[in-house]
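Structural description and commentary
Residues per chain, in single letters:
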Amino acid sequence: KNMPRRRQRHMAGSGSDGTEDSDSSAEREQTNSSESEGTVPKRQRLTRASTRLSQSSQGWQHSLYICTHTHIYTQELKRAVDHDESPPLTPTGNAPSSESELDISSPNASHDESQAKDQANRDSDKDLSHRPKRRRCHETYNFNMKCPTPGCNSLGHLTGKHERHFAVSGCPLYHNLSADECKVIIINHVQNTLQYYVNLLYLYRRVETLACRRSRKKSMWYVTSTFEHRQTHGNTREPLLENITSEYDLELFRKAQARASEDLEKLRIQGQITEGSNMIKTILFGRYELDTWYHSPYPEEYARLGRLYVCEFCLKYMKSQTILRRHMAKCVWKHPPGDEVYRKGSISVFEVDGKKNKIYCQNLCLLAKLFLDHKTLYYDVEPFLFYVMTEADNTGCHLVGYFSKEKNSFLNYNVSCILTMPQYMRQGFGKMLIDFSYLLSKVEEKVGSPERPLSDLGLISYRSYWKEVLLRYMYNFQGKEISIKEISQETAVNPVDIVSTLQSLQMLKYWKGKHLVLKRQDLIDEWKAKEIKRGNSNKTIDPSSLKWTPPKGT
């Protein structure tokens with residue numbers, strides 16, 4: 001019937017661990033308490049403080065935990081009193097403040113004595129009501145653990161955020177501080193951090209306000225000064241760079257400008273480059289040295305050179321004559337790629353597809369841009385056909401000129417770009433290229449016209465060609481009425497070009513609501529005299545020498 005005290009402690013501990021059901025644990029606890037009253041001679045009674053703590057706790061597990069530890073503490077206190085030792089510390093780390101907190105009674109005491117003691121406890125509670133309440137310890141603290149620092153009571157923490165510590169790393173005494181000093185330090189740190197961010201926010205808003213005001217003033221000043229500078233100097237001076245960026249970046253830019261100027265000066269002294277907007281001044285093309293007229297978008301390392309070396313057969317460009325000499329020794333090209341569609345004497349015309357021979361056509365466009373002002377086609381050569389005219393000798397077929405043509409032209413343009421090389425100008429090759437383009441239009445049974453805008457030399461060449469075509473048609477015409485439509489169908493020239501040419505020759509008049517074409521015999525005779533003087537020249541296109549069929553899809 002009697003249960004040993006170890007068994008009772010085990011039951012209480014198991015209940016606190018939560019391994020059994022709450023109802024069975026409560027019944028077992030009541031049975032153990034009732035059985036132990038008659039057998040145990042001395043029983044420690046829980047104090048009123050621990051009873052209030054257990055009642056205010058949430059859940060039966062917390063109550064059993066407090067009761068168990070309070071029971072162990074009262075036993076240690078009893079043994080200390082019997083041996084005249086100092087009382088142990090309470091769960092809060094302090095010694096008991098009064099006898100009212102601990103009441104050890106004998107089971108043989110009378111009922112009156114117990115009531116008297118209860119009344120005394122109530123009176124003592126009223127007397128101590130002015131004292132602050134004792135802080136209750138968190139249930140997860142293990143009070144058997146202590147700080148290993150000698151003389152430390154484990155109170156306080158180095159961070160100032162905790163009430164207790166159990167390691168040297170959080171011990172204030174080890175770091176030569178007290179618990180209160182640690183709290184003061186953390187409070188000051190929080191206040192200083194908060195003040196720092198407040199000051200930073202204020203400073204940021206102040207700087208932003210000043211920067212906005214300053215930027216407005218600078219922008220207005222910069223616009224005014226830039227406009228005045230441009231009006232005064234135009235493009236002869238560098239734009240104003242002050243107040244655009246920081247002084248440091250502007251200084252770096254000035255240093256880079258000075259270094260680049262020094263390098264360019266060295267190259268200029270060596271004769272590798274020349275000054276001016278068009279860096280390429282001359283090109284060595286076959287046995288000719290040609291002066292360029294306009295800028296061409298060659299790669300930068302080639303555009304800086306004063307002279308460019310170009311192979312006259314494959315049109316590859318090089319930096320030096322040594323490289324050109326080595327290239328010519330192994331270059332196997334002696335004529336343009338593509339199909340030869342016309343040959344009469346030494347004159348040949350090759351049809352080159354921009355899609356099949358892309359590199360050659362790109363090099364041809366870059367070369368032509370050196371002598372054309374309005375040319376914009378450089379690299380997108382796939383939609384075009386190139387008709388390259390050459391003059392042959394014992395060394396190969398030398399480039400005379402070319403014209404390009406769209407494969408599918410919506411406006412029936414028969415020429416997109418046309419060029420005669422400078423060394424072959426004023427020899428009739430330009431008219432031959434124009435005549436050949438209209439010959440292709442006749443084979444296609446279409447009316448053609450060159451793409452606008454025309455260059456200055458191109459416009460002169462086309463007007464001269466149209467004038468010659470019209471005068472030849474007038475000379476051979478035997479009828480009484482001339483129709484512009486019939487002239488267009490016979491010559492493949494666009495009616496708009498015919499009308500503009502007739503107006504320039506003053507052969508088109510408006511009379512009585514009708515446009516009349518006048519046959520000016522003086523102009524026809526003048527043209528015929530030049531034809532006789534020119535004689536049998538080879539600078540004409542023979543339609544019988546053309547071996548060409550229109551490409552599919554055109």
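Residues numbered from 1 in each chain as written. Predicted model: local features only at pLDDT ≥ 70, side-chain atom pairs only at ≥ 80, totals over all residues. Heavy atoms only, no water.

1. Here we look at the environment of G151
Assignment of secondary structure puts G151 in the loop between α5 (111-127) and α6 (179-233). Look at G151 and you get exposed, because its relative accessible area is 78%. (Helix = DSSP H or I, 4+ residues; strand = E, 2+ residues; numbered from the N terminus. Buried < 20%, exposed > 50% of the residue type's maximum accessible area, 1.4 Å probe, protein only.)

2. Regarding the UniProt feature "active site" (unreviewed entry) in the protein
UniProt feature "active site" (unreviewed entry): in the numbering of this structure it lies at E451. Looking at E451, the relative accessible area reads 27%, which means it is partly exposed. Residues in contact with E451, not counting those within four places in the same chain, are E406, Y413, V415 and S416. (UniProt positions renumbered as here; feature names shortened; annotations may be inferred. Contact = heavy atoms within 4.5 Å.)

3. A word on a nonpolar patch on the surface
Together, Y196, Y197, L200, L203 and V207 make up an exposed nonpolar region whose accessible area comes to about 530 Å². Topologically, V207 is positioned in helix α6. Judged by its relative accessible area of 47%, V207 falls in the partly exposed class. (Patch = residues over 30% accessible without salt bridge, like charges linked within 9 Å, V, L, I, M, F, W, Y side chains within 5 Å. Areas by Shrake-Rupley, 256 points an atom, 1.4 Å probe, with all protein chains shown as cover. Salt bridge = Lys/Arg side-chain N within 4 Å of Asp/Glu carboxyl O.)

4. Notes on the nonpolar core
Ranked by internal contacts, the top residues of the largest apolar core, which has 75 residues, are I283, F285, Y298, L367, F386, M421 and F436. Setting aside residues no more than four positions away along its own chain, F285 makes contact with L290, V310, C311, E312, L315, L367, L399, M421 and Q423. Counting 8 residues, the second largest nonpolar core, distinct from the first, contains L284, F313, M318 and L324. (Core = buried A, V, L, I, M, F, W, Y, C linked by side-chain atoms within 4.5 Å.)

5. Quick word on the pairing of strand β7 (residues 384-393)
Extensive coverage of β7 is indicated by the burial of 7 of its 10 residues. Of the pairings in the sheet, the one linking β7 to strand β8 (residues 396-406) comprises 10 bridges and is antiparallel in character. Note that in β8 the partner of E391 across the bridge is H398. From the end of β7 to the start of β8, which pair antiparallel, there are 2 residues. (Pairing = 2+ DSSP bridges.)

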